[in-house]
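# Remarks on the overall topology
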Amino acid sequence: MDLRQRLASYRVLPVITAEDVDATVRLCGALAAGGLKAVEITLRTEAALDAIAAVSDTHPAVTVAAGTVTSADALQSAIKAGAALHVSPGLTPALLDAAREAGVDLLPGVATASEVMLGIEQGLDCFKLFPAVPVGGVALLKAMAGPFPGVVFWVLLLLVIFSIVCWYIIGYKYFYLRRAKNTSDEFLEKFWSSKRLDGIYEAAQAIEHSPTAQVFKAGYVELSKLQSGAKDATEA
């Protein structure tokens with residue numbers, strides 16, 4: 001299975017900034033229970049590599065990607081930790097060479113046509129548009145589709161409200177959901193139109209085919225357990 005097929009099979013790729021290894025393992029367990037097949041753990045914290053190793057060992061059915069891979073050394077460290085996919089905010093010849101020599105999949109970030117052309121010259125056809133909104137977002141994707149019809153771009157879908165209200169409670173400041181271009185998700189429309197968490201949960205229960213809904217349901221249940229445990233501890 002090539003990179004494009006792998007990404008298509010994941011559909012949604014949560015991106016985690018790991019501050020605590022145990023909390024990351026628990027979170028990935030909830031995501032796996034929600035039906036997700038892969039997670040991305042960014043190399044932005046001291047706990048990142050240990051978290052990648054722990055999640056890989058604890059949840060072998062989940063593909064663990066390393067994010068924020070910015071150098072050949074970082075790539076090698078992620079490989080040793082057990083990462084099966086590597087995501088970078090940019091694209092450099094040295095990083096491309098390192099990924100090719102190691103025989104691993106790399107999803108590099110691009111913001112210009114020149115960077116896309118450089119990647120195509122190296123045999124790539126999948127890229128991460130980064131930073132998506134500042135460089136043009138949907139308008140840029142439409143413009144890129146003309147000269148590069150055979151290229152697939154992945155973008156970040158930031159669920160800010162979900163992040164602040166839910167995942168922050170279990171130690172995460174950021175929670176991203178990435179989806180492939182042209183993938184519709186009925187639950188996301190319900191998410192943005194709802195003003196209450198329980199209302200969002202009701203919408204998630206009614207939309208079984210949405211992977212995002214499955215993730216939210218698992219996270220909501222875990223959140224409820226944590227709130228209940230905190231209440232019991234306070235009362236005790």
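Quick caveat, the model's predicted, so the values are computed rather than measured. (Residues numbered from 1 in each chain as written. Predicted model: local features only at pLDDT ≥ 70, side-chain atom pairs only at ≥ 80, totals over all residues. Heavy atoms only, no water.)

Turning our attention to helix H1 (residues 3-10). Within H1, burial applies to Leu3, Arg6, Leu7 and Tyr10. The buried residues of H1 occupy an angular sector of 95° when the element is viewed end-on, so they sit on one face. Capping the start of H1, aspartate 2 holds a side-chain oxygen 3.3 Å from the backbone nitrogen of arginine 4, two or three residues further along. Phi turns positive, to about 65°, at arginine 11, one or two residues after H1. (Buried < 20%, exposed > 50% of the residue type's maximum accessible area, 1.4 Å probe, protein only. Helix = DSSP H or I, 4+ residues; strand = E, 2+ residues; numbered from the N terminus. Arc of directions from axis to C-beta. Polar contact = N/O pair within 3.5 Å; in protein donor to acceptor, adjacent residues only side chain to side chain.)

Taken as a whole, this structure holds one aromatic pair when the rule is applied. Between phenylalanine 127 and phenylalanine 153, the aromatic rings sit 6.3 Å apart at their centres with planes inclined by 35°, giving tilted as the arrangement. With phenylalanine 127 in strand S7 (residues 126-129) and phenylalanine 153 in strand S8 (residues 152-158), this pair connects stretches of sequence that are 26 residues apart. The burial state of phenylalanine 127 is the same as that of phenylalanine 153; both residues are buried. Sitting over the face of the ring of phenylalanine 130, lysine 128 holds its NZ or CZ atom 4.7 Å from the ring centroid. (Phe/Tyr/Trp six-rings, centres within 6.5 Å; stacked < 30°, edge-to-face > 60°. Lys NZ or Arg CZ within 6 Å of the ring centre and 35° of its normal.)

Next up on the list: the layout of surface pockets. Each pocket or cavity is described by its volume, and for the second largest pocket that value is around 240 Å³. In terms of lining residues, the second largest pocket is bounded by 14 residues, among which Leu3, Asp105, Leu106, Gly123 and Leu124 are the most central. Among the secondary structure elements, those contributing two or more residues to the lining of the second largest pocket are H1, helix H5 (93-102) and strand S5 (105-107). With three residues, the single largest contributor to the lining of the second largest pocket is H5. (1 Å grid on protein atoms, 1.4 Å probe; cavity = no way out; pocket = protein on both sides within 12 Å on 5 of 7 lines; lining within 4 Å. Points joined across faces, edges and corners; volume = space filled by probe spheres on them.)

Caution applies to low-pLDDT regions: their predicted coordinates should not be interpreted in detail. When the pLDDT values of the protein chain are averaged, the result is 76; 66% of them are 70 or greater. In this model residues 158-184 is a low-confidence stretch, pLDDT under 50, and it forms 81 contacts with partners more than four residues away in sequence or in other chains. Low pLDDT (under 50) marks residues 229-236, which in the prediction has zero contacts with non-local residues, meaning those over four places away or in another chain. (pLDDT = per-residue confidence, 0-100. Contact = heavy atoms within 4.5 Å.)

The next subject is unusual backbone geometry. With an omega dihedral of -10°, the bond running from phenylalanine 130 to proline 131 counts as a cis peptide bond. Within the secondary structure layout, proline 131 lies in the loop between S7 and helix H7 (137-145). The phi torsion at threonine 68 lies on the positive side, around 55°, for a residue other than glycine. Of note, threonine 68 is situated in the loop between strand S3 (63-67) and helix H4 (72-81).

We now examine the side chain of serine 88. Residue placement: serine 88 occurs in the loop between strand S4 (85-87) and H5. Residue classification places serine 88 among the buried positions, given a relative accessible area of 2%. Of note is the side chain of serine 88, whose polar atom sits 3.0 Å from the backbone oxygen of glycine 90. In contact with serine 88, not counting residues within four places along its chain, are Val69, Thr70, Leu95, Leu106, Leu107, Pro108, Gly109 and Lys128.

With respect to the secondary-structure elements, glycine 90 resides in the loop between S4 and H5. What makes glycine 90 partly exposed here is its relative accessible area of 23%. Along the primary structure glycine 90 and alanine 111 are separated by 21 residues, whereas in three dimensions their C-alpha atoms are 8.3 Å apart. Ignoring sequence-local partners within four residues, the contact set of glycine 90 consists of Leu95, Pro108 and Gly109.

One can find phenylalanine 130 in the loop between S7 and H7. Between the alpha carbons of phenylalanine 130 and phenylalanine 153 there is a distance of 9.9 Å; along the sequence they are 23 residues apart. Non-local contacts of phenylalanine 130, meaning those with residues more than four positions away in its chain, are made with Pro89, Val110, Ala111 and Val135.

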